[in-house]
Amino acid sequence: MFKGASATRVVAAARMAAFRTQTVRHASSGAVRAQSAVFTETGEPSKVLRVVDHEIGPADALTGTQALIRMLAAPVNPSDLNQIEGVYPVKPRFASGLVQGQLAAVGGNEGVGEVLASGPESGLCAGDWVVPRSSGVFGTWATHAVVASDDAVVRIPHDWLRGGNVAVQALDVATVKVNPSTAYRMLRDFCQLRPGDCVVQNGANSGVGRAVIQLAREMGVRTINVVRRRDDFDSLAAELEQLGADAVVMDSELADSAVRDRILRRLDSPAVRLGFNCVGGRPTLLMTRLLSQGATLVSYGAMARQPLTLPTSLLLFGDLRARGFWMNRWYADNIDSPERSTMWEHILRLTAASKFVAQPMVKVEWPACAPMLPAEIAESRVREAVAWTSGGKHAFVFSS
């Protein structure tokens, strides 16, 4: 069990209701002041992003299934940066209206917002929490947005966030769609894992890696976790073991057959049936030596930016299956599947029960109501976040 900062739900609900009433009243009487991190061309994120002030609304002008949302939190993912660079398969959605005389796109694809008001045909109500249905439908690095609710967002039922011994935070919901969901799907979609089975993964200290450790633990599945050589290895290993890791090893150690044998003996696992790769190159090849015959290697990233070369003997005699997984493709192929809701509910209920924690993130405060930051100060915070200058993954928290 994990100890989280416990929040009094009554106080939190009162604060949320007070802010919601204040904001909706303001929106209904006039336009809402908003800020967005936008870019008019692809390129280096820290150079092409800028923050613009603009107005949305008024709320009583919403039509059809439109909804006005205030963003609560939004992470900065590597895929977001790749999209701004113009090298990601999901392309930016450039539109008019944010930058005079130019088409602009709002950065960010993952996050959670609160509905402030909705159109007469919308199924959403004020106070609902919503997340983007898929990448590219609207940018999440903004204080507010107007979205076509039926097409762009998915409602998160509040009962998914309750009933545990910790309060599920907005940032927990904001990050459920990518990293934890990737881990959830990979553990279920490539083979039928049984309690006592084992999986091996590299990039174990990443967001997906940490999620794999925790979700596998709940399945009774053991994990061998590979990380790069580092000075703080002992403290990192202890951190991952606290999450439930059964073994943590540096990638350079896997060249030693004695180390590999010692890990397998220690776990006493009948089979290492799955491997998860987000690195590529020689470190991944070394990791495959831990896989059992007939195992599946799933690649979902390539952080080393090196090709993955597998020897024919591994395929021929080891019967290794090499697969790829991209979370965006899964969402596109399962757009109306109840599996999406089942997956998100499972993860968020584990969070509420102190059995799942998101990866550590550097929180970047961005006020979403008066007094708002001057655009140049907000812009400097955005540029620092996308440059990761303070180390670690960043997330915008839109404070009220």
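Scroll up for the structure.
Notes on the structure in this doc start here. (Residues numbered from 1 in each chain as written. Predicted model: local features only at pLDDT ≥ 70, side-chain atom pairs only at ≥ 80, totals over all residues. Heavy atoms only, no water.)

### Quick look at the pairing of strand E12 (residues 247–250)
In step 1: Along E12, one buried face is formed by Ala-247 and Val-249 and the opposite face, lined by Val-248 and Met-250, is buried too.
In step 2: Between the parallel pair strand E11 (residues 222–227) and E12, the chain is carried across by helix H8 (residues 233–243), and the sense of this crossover is right-handed. (Buried < 20%, exposed > 50% of the residue type's maximum accessible area, 1.4 Å probe, protein only. Helix = DSSP H or I, 4+ residues; strand = E, 2+ residues; numbered from the N terminus. Right-handed = clockwise from strand over helix to strand, strands pointing away.)

### Remarks on the sheet that holds strand E4 (residues 95–99)
In step 1: Strand order in the open sheet made by the four strands is E2-E1-E5-E4, with antiparallel pairing throughout. Because the sheet does not close on itself, it has two edges, and the strands there are strand E2 (50–56) and E4. Here the average twist between neighbouring strands, direction ignored, is 70 degrees.
In step 2: Helix H14 (residues 375–387) rests against strand E1 (32–39) and E2 of the sheet, and its axis sits at about 125 degrees to E2. (Pairing = 2+ DSSP bridges. Axes fitted to C-alpha atoms, helices over the stretch in contact; angles between N-to-C directions. Contact = heavy atoms within 4.5 Å.)

### Points about helix H7 (residues 207–219)
In step 1: In a regular helix each residue adds 1.5 Å, so 13 residues correspond to 18 Å; H7 covers 19 Å between its end C-alpha atoms and thus fits that length.
In step 2: With ten of 13 residues buried, H7 is to be regarded as a mostly interior element.
In step 3: Of all the positions in H7, only Gly-207, Val-208, Gly-209, Arg-210, Ala-211, Val-212, Ile-213, Gln-214, Leu-215 and Ala-216 are classed as buried.
In step 4: Contacts made by the buried residues of H7 are with helix H6 (179–189), strand E10 (198–202), E11, H8, strand E13 (272–277) and helix H13 (339–352).
In step 5: Where H7 ends, the next residue or the one after it, Gly-220, has phi of about 75 degrees, a positive value. (Expected span 1.5 Å × (residues − 1).)

### Comments concerning unusual backbone geometry
In step 1: For the peptide bond that leads from Ala-370 to Pro-371, omega is -5 degrees, which places it in the cis range.
In step 2: On the secondary structure map, Pro-371 appears in the loop between strand E16 (361–365) and H14.
In step 3: The phi dihedral of Asp-319 is positive, around 55 degrees, even though this residue is not glycine.
In step 4: Inspection of the secondary structure assignment puts Asp-319 in the loop between helix H11 (312–316) and strand E15 (321–324).
In step 5: Since its relative accessible area comes to 34%, Asp-319 is described here as partly exposed.

### Some words on empty space enclosed by the protein
In step 1: In the structure shown here, the tally under the stated rule is two cavities of 30 Å³ or more.
In step 2: Approximately 80 Å³ is the volume found for the largest cavity.
In step 3: Lining the largest cavity are 13 residues, with Asn-179, Pro-180, Gly-207, Ala-358 and Gln-359 positioned closest to its centre.
In step 4: Mapped onto the lining of the largest cavity, the elements with two or more residues apiece are H6 and H7. (1 Å grid on protein atoms, 1.4 Å probe; cavity = no way out; pocket = protein on both sides within 12 Å on 5 of 7 lines; lining within 4 Å. Points joined across faces, edges and corners; volume = space filled by probe spheres on them.)

### Some thoughts on the nonpolar core
In step 1: Val-112, Ile-156, Val-173, Phe-276 and Trp-344 are the most contacted members of the largest nonpolar core, which has 48 residues in total.
In step 2: Counting residues per element, this core draws most heavily on H13, at six residues.
In step 3: Setting aside chain neighbours within four positions, we find Phe-276 in contact with Met-186, Leu-187, Val-199, Val-200, Gln-201, Asn-202, Val-212, Met-287, Leu-297, Val-298 and Tyr-300.
In step 4: Membership of the second largest hydrophobic core comes to 34 residues, among which are Ala-67, Val-76, Val-147 and Ala-368. (Core = buried A, V, L, I, M, F, W, Y, C linked by side-chain atoms within 4.5 Å.)

### Section: the packing of H7 against H8
For any two helices packed against each other, one specifies the crossing angle of their axes together with the interaxial distance.
In step 1: Orientation of H7 relative to H8, taken along the N-to-C sense of each, is 35 degrees, at an axis distance of 8 Å. Here Arg-210, Ile-213, Gln-214 and Arg-217 of H7 lie close against H8, whose contacting residues are Leu-236, Glu-239, Leu-240 and Leu-243.
In step 2: The residue inventory of the contact of H7 with H8, partitioned by class, reads four nonpolar, one polar and three charged. (Nonpolar A, V, L, I, M, F, W, Y, C, P; charged D, E, K, R; others polar.)

### Some remarks on the sheet that holds E12
In step 1: Here six strands make up an open sheet; going across it, the order is E12-E11-E10-E13-E14-E15 and the pairing parallel. In this open sheet, the two edge strands, each paired with only one partner strand, are E12 and E15. Between one strand and the next, the sheet's axes are offset by a mean angle of 20 degrees, whatever the strand orientation.
In step 2: The sheet contact formed by strand E14 (residues 296–299) and E15 spans four bridges and is parallel. Considered in E15, the bridge of Ser-299 is made with Gly-324.

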